[in-house]
Amino acid sequence: AASAQFQLAVPLAVVFAPGSVPGDLPRPLPFRDVQEMEIAVNLRTSITSRYELLYRRTTAQEEAALDVATPREADAALRPLQDTSLGSLTVYVVPETSSILPQGINVYVGKHRSALVRAGGTLAALRPRLRQLQQVMSFTASSIAAALSDRPPDGRLGPDARRHLKSSLGYEITFSLLNPDPKSHLVEWDIEDAVNRYVQPVLDKLSLVANFSVDSQILYYAVLGVTPRFDKESSSFLLSAHSLPHVINPVEARLGSSAASLYPVLNFLLYVPERSHSPLYIQDKDGAPVRTNAFHSPRWGGIMVYNVEAPASPQASLPLRVGVDMVRVMEVFLAQLRLLFGLSREELPPEFLVESPGNEGLADWELDRLLWAHTVENIATVSTTLTSLAQLLDKIGNIVIKDDVASEVYQAVASAQSAMAKLATGHLHSAFQASKEAVTSSERAFFDPSLLHLLYFPDDQKFAIYIPLFLPMAVPILLSLAKIVREARQRTKEPTKMD
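It should be emphasised that the depicted structure is a prediction, and the values quoted were computed from it without experimental measurement.

1. Observations concerning the sheet that holds strand 11 (residues 236-239)
Argument step 1. Reading across the sheet, the three strands line up as 10-11-13 and stay open at both edges, with mixed pairing between neighbours. Either end of the sheet is taken by a strand with one partner, and the two such strands are strand 10 (229-231) and strand 13 (280-282). This sheet shows a mean twist of 40 degrees between the axes of neighbouring strands, independent of strand direction.
Argument step 2. Two strands pair when backbone bridges link them, and strand 10 and strand 11 are joined in this way by three bridges, in the antiparallel orientation. The residue of strand 11 that forms the bridge with D231 is S236.

2. Thoughts on the pairing of strand 11
Argument step 1. Burial of the side chains of strand 11 extends over both faces: S236 and L238 are buried on one face and F237 and L239 on the other.
Argument step 2. Hairpin connection between strand 10 and strand 11: a loop of four residues separates the two successive antiparallel strands, and S235 in this loop has a positive phi of roughly 40 degrees.
Argument step 3. Relative to strand 13, strand 11 is paired through three bridges, and the arrangement is parallel. Bridge assignment links L239 to a residue of strand 13, and that residue is I282.

3. Some remarks on the domain arrangement of the protein chain
Argument step 1. You can read the domains of the protein chain as domain 1 (6-147 + 347-353), domain 2 (170-341), domain 3 (365-454) and domain 4 (457-498).
Argument step 2. Put simply, the middle of domain 1 and the middle of domain 3, counted by C-alpha atoms, are 34 Å apart.
Argument step 3. Between domain 1 and domain 3, the residue contacts involve 24 residues of the former and 17 residues of the latter.
Argument step 4. Carbon and sulfur atoms make up 63% of the area that domain 1 and domain 3 hide from each other, which totals about 1,800 Å².
Argument step 5. The largest per-residue losses of area from domain 1 upon contact with domain 3 belong to F6, L86 and A147, which jointly make up 34% of the total buried on that side.
Argument step 6. Applying the counting criterion to the domain 1 and domain 3 interface returns one salt bridge.
Argument step 7. A salt bridge links R113 to D368, with the shortest nitrogen-to-oxygen separation between them at 2.6 Å.
Argument step 8. Counting only elements with at least two residues in the side of domain 1 that touches domain 3, the list comes to strand 1 (4-16), helix 3 (123-137) and helix 4 (141-147).
Argument step 9. Among the elements that line the side of domain 1 that touches domain 3, the one with the most residues is strand 1, at six residues.
Argument step 10. Residues of the side of domain 1 that touches domain 3, tallied by class, amount to 12 nonpolar, nine polar and three charged.

4. Considerations on the side chain of R338
Argument step 1. Tracing the sequence through the fold places R338 in helix 7 (residues 326-340).
Argument step 2. Look past the residues within four positions of R338 in its chain and what remains in contact with it is L343, S344, R345, P357, G361, L362 and E366.

5. Regarding the packing of helix 8 (residues 364-395) against helix 9 (residues 403-424)
Argument step 1. Relative orientation of the contacting elements helix 8 and helix 9 amounts to 150 degrees, with a least axis distance of 10 Å. Looking at the two axes, helix 8 sits roughly antiparallel to helix 9. Between helix 8 and helix 9 lies a crossing whose hand is left-handed. In this structure, helix 8 uses W372, T375, I379, V382, L386 and L389 to contact helix 9, whose residues at the interface are V409, A412, V413, A416, A419, M420 and L423.
Argument step 2. Within the contact of helix 8 with helix 9, the residues separate by chemical class into 12 nonpolar, one polar and no charged.

6. Remarks on the packing of aromatic side chains
Argument step 1. Under the defined criterion, the tally for this structure stands at 13 aromatic pairs.
Argument step 2. Relative to F139, the ring of Y51 has its centre 6.1 Å away and its plane inclined at 20 degrees; by these criteria the two rings are stacked. In this pair, Y51 sits in strand 3 (residues 45-57) while F139 sits in the loop between helix 3 and helix 4, placing the two residues 88 residues apart along the sequence. Assigned by exposure class, Y51 and F139 land together as buried.
Argument step 3. Here the aromatic residues F16, F31 and Y55 are joined through ring pairs into a cluster of three or more.

7. Thoughts on the pairing of strand 6 (residues 114-118)
Argument step 1. Within strand 6, five of the five residues are buried, which leaves it mostly tucked inside the rest of the structure.
Argument step 2. Burial along strand 6 is two-sided: S114, L116 and R118 facing one way and A115 and V117 facing the other are all buried.
Argument step 3. Both strand 4 (residues 89-94) and strand 6 contribute to a ladder of five bridges, which runs parallel. When the sheet's bridge partners are listed, V91 is paired in strand 6 with A115.

8. What about the nonpolar core?
Argument step 1. If you look at the biggest cluster of nonpolar residues, it comprises 87 residues, and the most contacted ones within it are L8, Y55, L133, F175, L270 and F341.
Argument step 2. If you look at the next biggest cluster of nonpolar residues, it comprises 20 residues, including L219, A222, V251 and L280.

The rules behind these values
Residues numbered from 1 in each chain as written. Predicted model: local features only at pLDDT ≥ 70, side-chain atom pairs only at ≥ 80, totals over all residues. Heavy atoms only, no water. Pairing = 2+ DSSP bridges. Helix = DSSP H or I, 4+ residues; strand = E, 2+ residues; numbered from the N terminus. Axes fitted to C-alpha atoms, helices over the stretch in contact; angles between N-to-C directions. Buried < 20%, exposed > 50% of the residue type's maximum accessible area, 1.4 Å probe, protein only. Domains from an automatic or database assignment. Contact = heavy atoms within 4.5 Å. Buried area = accessible area lost by both parts, 1.4 Å probe. Salt bridge = Lys/Arg side-chain N within 4 Å of Asp/Glu carboxyl O. Nonpolar A, V, L, I, M, F, W, Y, C, P; charged D, E, K, R; others polar. Parallel < 35°, antiparallel > 145°, perpendicular 65-115°, else oblique. Left-handed = near helix turned anticlockwise from the far one by under 90°. Phe/Tyr/Trp six-rings, centres within 6.5 Å; stacked < 30°, edge-to-face > 60°. Core = buried A, V, L, I, M, F, W, Y, C linked by side-chain atoms within 4.5 Å.

Structure, rendered in structure tokens:
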């Protein structure tokens, strides 16, 4: 693929509350500063992160907003007063003695695009905290490397890199209830209400990233591909960690959704074990039971095992009516959805307090984090697609490139360049939109029908098709030519008769 030099600019306002201004500031407030850092992904791709810092004092409104009891209240009050554009960050510095942050907490990350930080006395003490915040709330070398995970050598990536879904213009989410034993269990789940209540707010927030469609199904007699092992001690059945990969294939054959889909499909399966294998528990690698009784498969989805209470009396009539506790199930599925989108929280020092995003499922800064990674990934994808197309056209000598294909290629290049320019100026939203347009144009060019039929019609196939047609006609023509040549030679050899 072609080389790419990305420059990611993050506008960051550092706002000092009264009593928090450090004594070692290089210039009087307000002033600007720029911090640049090189992230080397591989030989072809380098990324420069550029934090454009504006140091200033709080306004009267911001002071009033910070004069509250809890950081959560401050976060809500400050939101209307700060720059809410995607990718921007605002850090409010409070005095070391401030009681707004709980004891032992020096950094509070809100659920929007701001954070509260204890002053630390000097700018030198404040800088490491700011640097850590930048890593948490925007992007890290590893999050960008994971976005370009098809490019760096495999050994350079952490275990999470392969877990993330590839950037796509859309995703299909399928919730499936697997009831292998309908004679024993009549399982009911209110999936529509659960999706509206728990999943839809998250998808509304992610609608900026891609289009989502959600559907659900109930599959009867769908069994796991692995027979669980009976454990006498706990009188229950166990699925060990090493057998989990073999569970998915037989089930996937029954799902039937991914075959007809244009977009990646995320499968979330709720499995109610048959009576003969109940209760069923999943074990981790160390043999300990998994608390959620669920597991997820990178870039595919997740499966949760839902055990049914055994009836109180053995004479209970079958099938048993089972009402699924959707709160417990959706808690697990949403956690798996976050993992698939690379929104898992990294390990933070104990002095950090991160606000829960609540009903929305992800904080504003987490959405930005996703957009940084997807924008870079989209531009890299366009570069790879257009390079592949150019190599392909070089190989096919007699190809005719129509004007609309050429214009799609020009459009893709222009949009990718625009996306890179917008990234360099810190306009994340417009950069992401331009990168999406670039992907769409490059895909249209690559899969244009006028090019496709030539891909499958190389020269050796032409010979294979035309030789059988021309050979029968060519034989008499060649024989006639040979005869003419022979006669002409004889004529020149014969001496002319003299009278």
